[in-house]
Amino acid sequence: AQTVTQSQPEMSVQEAETVTLSCTYDTSESNYYLFWYKQPPSRQMILVIRQEAYKQQNATENRFSVNFQKAAKSFSLKISDSQLGDTAMYFCAFMRHSGAGSYQLTFGKGTKLSVIP
Amino acid sequence: GAVVSQHPSRVICKSGTSVKIECRSLDFQATTMFWYRQFPKQSLMLMATSNEGSKATYEQGVEKDKFLINHASLTLSTLTVTSAHPEDSSFYICSASPTINTEAFFGQGTRLTVV
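Since we're looking at a predicted model, the values are computed, not measured.

Rules used throughout
Residues numbered from 1 in each chain as written. Chains lettered and ligands numbered in written order. Predicted model: local features only at pLDDT ≥ 70, side-chain atom pairs only at ≥ 80, totals over all residues. Heavy atoms only, no water. Helix = DSSP H or I, 4+ residues; strand = E, 2+ residues; numbered from the N terminus. Contact = heavy atoms within 4.5 Å. Salt bridge = Lys/Arg side-chain N within 4 Å of Asp/Glu carboxyl O. Polar contact = N/O pair within 3.5 Å; in protein donor to acceptor, adjacent residues only side chain to side chain. Nonpolar A, V, L, I, M, F, W, Y, C, P; charged D, E, K, R; others polar. Phe/Tyr/Trp six-rings, centres within 6.5 Å; stacked < 30°, edge-to-face > 60°. Lys NZ or Arg CZ within 6 Å of the ring centre and 35° of its normal. Disulfide = S-S within 2.5 Å. Buried < 20%, exposed > 50% of the residue type's maximum accessible area, 1.4 Å probe, protein only.

> I'm lost on unusual backbone geometry in this one. Help?
In most cases, non-glycine residues show a negative phi, while peptide bonds are predominantly trans. A cis amide bond, omega 0 degrees, links H7 of chain B with the succeeding residue P8 of chain B. When you line up the elements, P8 of chain B lands in the loop between β1 (4-7) and β2 (10-13). At N62 of chain A, a position not held by glycine, the phi torsion is positive, near 55 degrees. Tracing the sequence through the fold places N62 of chain A in the loop between β7 (60-61) and β8 (64-69). Here the phi dihedral of S83 of chain B falls at roughly 45 degrees; this positive angle occurs in a residue that is not glycine. With respect to the element layout, S83 of chain B can be found in the loop between β8 (76-81) and β9 (90-96).

What follows is the structure, encoded as structure tokens:
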């Protein structure tokens, strides 16, 4: 079974600053995907960024980037130029890839990020 | 991206009654949908995997007779909470993915309150 660990229950960052959220995971799989989801107060789950395990290059989406260390099973999220709208719960998630096309997400417990004006 | 619509967004029901929550994939077909439960300030807990045309697969500890799942078409899965009790009050979220896509899209969630 896969496990996902987010060791920072809460974090805060000043507006325009940079913050890094940590995530580690445990799996015996070699082919998988990793995600960061954002859940704002509306509780709608929003995909922030995804990383395929077979890709060595770290994924980047505008102000969001990841540091993917496969050997260490670490997948941290860096948010640059933090904005007030980034205030939300952030969940790290692991998806096991199945050749049959099915998938299953395992979530970490989340990190509550507050961006301070 | 693909759109998953969940309805209703909020529902209040009396203890002992049943409530149905719908999850629709609006612009793609989904052979598999997932139902999660989220308690306040906690993570999403997978309840069951909904498979089109076959029985759902429930996670350990989830009562399949209480949480009835039906996936009768490639765009609709329903979760029925039967004989609801106050402890069933929670936030329920569904997700789905286009068959060949590995990204999960989530519904807006349903806040269920049992009084």
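> Sorry if this is basic, but what is going on with the interface of chain A and chain B here?
Interface size is commonly expressed as the accessible surface area that is lost when the partners come together. At the interface, 19 residues of chain A touch 23 residues of chain B. Where chain A touches chain B, the interface holds zero salt bridges. Scanning the region where chain A abuts chain B turns up six residue pairs in polar contact (both at pLDDT 80 or more). Of all elements in the fold, only β5 (32-39), β6 (46-52), β10 (88-97) and β11 (103-107) of chain A reach the threshold of two or more residues within the side of chain A that touches chain B. Per-class residue counts for the side of chain A that touches chain B are 10 nonpolar, six polar and three charged.

> Just to check I follow, could you spell out the packing of aromatic side chains for this structure?
One pair of aromatic rings is described through two measures. These are the centre distance and the angle between the planes. Enumeration according to the criterion identifies 14 aromatic pairs over all chains in this entry. With 5.4 Å between their ring centres and 65 degrees between their planes, Y25 of chain A and Y32 of chain A make a pair best called edge-to-face. Site record: aromatic cluster; members linked through ring pairs are F35, Y37, F91 and F107 of chain A together with Y36 and F106 of chain B. The side chain of R43 of chain A reaches across the aromatic face of F91 of chain B, ending 4.0 Å from its centre.

> Can you help me understand the state of the cysteines in this one?
Linking two cysteines covalently via their sulfur atoms produces the bond known as a disulfide. Evaluation of the coordinates by the stated rule reveals two disulfides over all chains. The side chain of C23 of chain A participates in a disulfide bridge whose partner is C92 of chain A; the two sulfur atoms lie 2.0 Å from each other. Linking C23 of chain A and C92 of chain A, the disulfide has an S-S dihedral of approximately -70 degrees and is accordingly described as left-handed. Here C23 of chain A is found in the loop between β3 (19-21) and β4 (24-26), whereas its partner C92 of chain A is found in strand β10, with 69 residues between them in sequence. Summarising the burial analysis for this pair, C23 of chain A and C92 of chain A share the class buried. For C23 of chain B, the disulfide goes to C94 of chain B, at an S-S distance of 2.0 Å. The sign of the S-S torsion, about 80 degrees, decides the handedness of the disulfide formed by C23 of chain B and C94 of chain B: right-handed.

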